[in-house]
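Residues per chain are reported as follows:
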Amino acid sequence: MIGYCCINTTLDYCVNRTMRKATFHSKGLEYVGELAFQNISDMLEILIWNLKNDILLYRMSSDMFPWMSEYSFSDLPNYKQIKLKLEEIGKYVKQHNMRLSFHPGPFNVLGSNNPNVVEKTIQELTKHAQIMDIIGLPQSHESPINIHVSATKPSKEVISNQFCQNFNRLPQNVKSRLTVENDDKIAQYTPKNIYDLIYSKIGVPITFDQFHFVCGNQDTSMKEALELCLSTWSNAKALTHHSSSKRIEQDDPTVKETAHSDYIHEPIQTFGYEFDTDIEAKAKDKAVINYKNIFIKKSNCLKGDNIDNI
DNA sequence: CCAGGTCAAGGGAGT
DNA sequence: ACTCCCTTGACCTGG
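Rules and cut-offs
- Residues numbered from 1 in each chain as written.
- Chains lettered and ligands numbered in written order.
- Predicted model: local features only at pLDDT ≥ 70, side-chain atom pairs only at ≥ 80, totals over all residues.
- Heavy atoms only, no water.
- Near = heavy atom within 4 Å.
- Polar contact = N/O pair within 3.5 Å; in protein donor to acceptor, adjacent residues only side chain to side chain.
- Nonpolar A, V, L, I, M, F, W, Y, C, P; charged D, E, K, R; others polar.
- Core = buried A, V, L, I, M, F, W, Y, C linked by side-chain atoms within 4.5 Å.
- Buried < 20%, exposed > 50% of the residue type's maximum accessible area, 1.4 Å probe, protein only.
- Helix = DSSP H or I, 4+ residues; strand = E, 2+ residues; numbered from the N terminus.
- Contact = heavy atoms within 4.5 Å.
- 1 Å grid on protein atoms, 1.4 Å probe; cavity = no way out; pocket = protein on both sides within 12 Å on 5 of 7 lines; lining within 4 Å.
- Points joined across faces, edges and corners; volume = space filled by probe spheres on them.
- pLDDT = per-residue confidence, 0-100.
- Expected span 1.5 Å × (residues − 1).
- Pairing = 2+ DSSP bridges.
- Salt bridge = Lys/Arg side-chain N within 4 Å of Asp/Glu carboxyl O.
- Disulfide = S-S within 2.5 Å.

## Section: the protein's contact with DNA strand C
Around DNA strand C, the structure places 13 residues, and the nearest of them are R20, T23, P106, K256 and H260. Measuring from a phosphate oxygen of DNA strand C, one finds a backbone N or O atom of T18 at 3.3 Å. Here a phosphate oxygen of DNA strand C and a side-chain polar atom of H260 are 2.7 Å apart. Looking at the surface near DNA strand C, its residues break down into 2 nonpolar, 6 polar and 5 charged.

Written out as structure tokens, the structure is:
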């Protein structure tokens, strides 16, 4: 299956309503609850639209609950209503065999040298897992919570050791869902780095990002990197990321190499394997539909998709 | 009313 | 020391 991330550009629904610090302090939990309920209600509408458009894979927004590390969900005045709506989403997802994931932001650094950052990260990841639990999503890599390692100093070895030690402090509902993705910078973590330094110690699956691999340090072939990542997914179908270069799309060498394009311009390299893929492209849902029209109808390069229904 | 400045967070890289 | 960037987009103020 292929899917997209958070925002639907066709519909007028929003899953991202949030607020600034000052507003959070002046308006408080009542306003948080209002926005959160609107966000999850709109997310259900998006899932309904996704089904109609044959999209069963979707990345949820981490901005679903504004400032969620600062309170307990059950403290929201409209928690009952929120819980019901999340459960409704859960039923819908289960009924239609949809797959949902999270990709918490780059501020989540589990291997950080700063203990406060580690504490905040554990808190934030726990909140993500709690949302998945309320929805009723599996406590497995079927519903991944995917992060980067990010930090590299003083060395990848030191940071990844800290990452693994702190992994063991996470609650089970995070541990059972956490995955780690390769980076797009030369100095950061390749799939092989993550395999050797993290997967081999704590068994956390690796999310292969094809574009990051192309931009990053290629210490293996792409096929080897993909195979390494796929081999780490034992209790769920592997999830990967795919995007195209904005620099190439716009034919403008001044655009940053790592910037994502609006649409996808090359097929996902499967090397014959089956896995799920998040399309990371600015045109979001439109990029997925465009991808299917261009690549799947003609070349059947993703066997998991139902070609007849496109 | 809306354009544009600004916005929680960590860390690294570039200036 | 400062700015920009990340999966970026959304918030909010002042004109």
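## Structural notes on the nonpolar core
Residues M60, F65 and L178 are the most contacted members of the largest nonpolar core, which totals 83 residues. The element that contributes the greatest number of residues to this core is helix α1 (residues 21-52), accounting for 11 residues. Among all residues touching L178, those that are not within four sequence positions of it are L110, L125, H141, I145, I147, F163, F167, L170, V204 and P205.

## Let's talk about empty space enclosed by the protein
Counted according to the given criterion, the structure contains 1 cavity of 30 Å³ or more. By volume, the largest cavity amounts to about 60 Å³. If you trace the largest cavity, you find it lined by F208, Q210, M222, T240, H241, H242, I268, Q269 and F275. Looking at the lining of the largest cavity, the element that brings in the most residues is strand β7 (residues 239-242), giving 3 residues. Classifying every residue of the lining of the largest cavity gives 4 nonpolar, 5 polar and no charged.

## Looking at the protein's contact with DNA strand B
For DNA strand B, the set of nearby residues contains 14 residues, the closest of which are R20, K21, W67, S112 and T152. Of what DNA strand B places within 4 Å of the protein, 48% of the atoms are sugar or phosphate. Contact between DNA strand B and R20: a base oxygen at 2.4 Å from a side-chain N or O atom of the residue. Split by residue class, the surface near DNA strand B holds 7 nonpolar, 3 polar and 4 charged.

## What about the confidence of the model for chain A?
Looking at chain A as a whole, the pLDDT averages 90, with 95% of positions reaching at least 70. Model confidence for chain A, summarised as mean pLDDT per element, is weakest for helix α9 (residues 246-249) at 82 and strongest for helix α2 (residues 79-95) at 97. In this model, residues 299-310 is a region of pLDDT below 50 whose contacts with residues beyond four sequence positions or in other chains number 26 contacts.

## Some remarks on helix α4 (residues 156-167)
Taking 1.5 Å per residue as the helical rise, α4 with its 12 residues ought to reach 16 Å, and the 16 Å between its terminal C-alpha atoms agrees with that figure. Packing partners of the buried residues in α4 comprise α3 (115-135), β4 (145-147), α5 (172-175), β5 (178-181) and α6 (191-202).

## Structural notes on the environment of Y13
Structurally, the position occupied by Y13 is in the loop between β1 (2-5) and α1. Sequence-wise, Y13 and E45 are 32 residues apart; in three dimensions their C-alpha atoms are separated by 7.6 Å. Not counting residues within four places of it along the chain, the set of residues in contact with Y13 comprises D42, E45 and I46.

## Description of α3
An α-helical turn contains 3.6 residues, so any two residues separated by three or four positions project in the same direction. Taking 1.5 Å per residue, 21 residues should reach 30 Å; α3 reaches 31 Å between its end C-alpha atoms and fits that length. The N-capping residue of α3, defined by a side-chain oxygen 2.8 Å from the backbone nitrogen of N116, is N114.

## Overview of the pairing of β7
Residues of β7 alternate between two faces, with L239 and H241 on one and T240 and H242 on the opposite face, all of them buried. Pairing of strand β6 (residues 206-209) with β7, which is carried by 2 bridges, proceeds in the parallel orientation. Bridged to F208 within β7 is T240. With 4 bridges connecting them, β7 and strand β8 (residues 276-279) associate as parallel partners. Bridge pairing in β8 links L239 to D276.

## What about the pattern of salt bridges?
In the structure shown here, the tally under the stated rule is 13 salt bridges. Each of R99, E142, K237 and D276 takes part in a single network of salt bridges with overlapping partners.

## Some thoughts on unusual backbone geometry
The omega torsion across K153 and P154 is 10°, close enough to zero to call that bond cis. As for its placement among the helices and strands, P154 is situated in the loop between β4 and α4. Although it is not a glycine, D54 sits at a positive phi angle of roughly 65°. Topologically, D54 is positioned in the loop between α1 and β2 (57-60). Residue classification places D54 among the partly exposed residues on the basis of a relative accessible area of 24%. Unusually for a residue other than glycine, N97 sits at a positive phi of about 55°.

## So, the state of the cysteines
Enumeration according to the criterion identifies 0 disulfides in this entry. Considering cysteine sulfurs only, C6 is the nearest to C5, which forms no disulfide, with 5.8 Å between them. The thiol sulfur of C215 is not disulfide-bonded, and the nearest other cysteine sulfur, from C229, lies at 15 Å. The exposure class assigned to C215 is buried, which follows from its relative accessible area of 6%.

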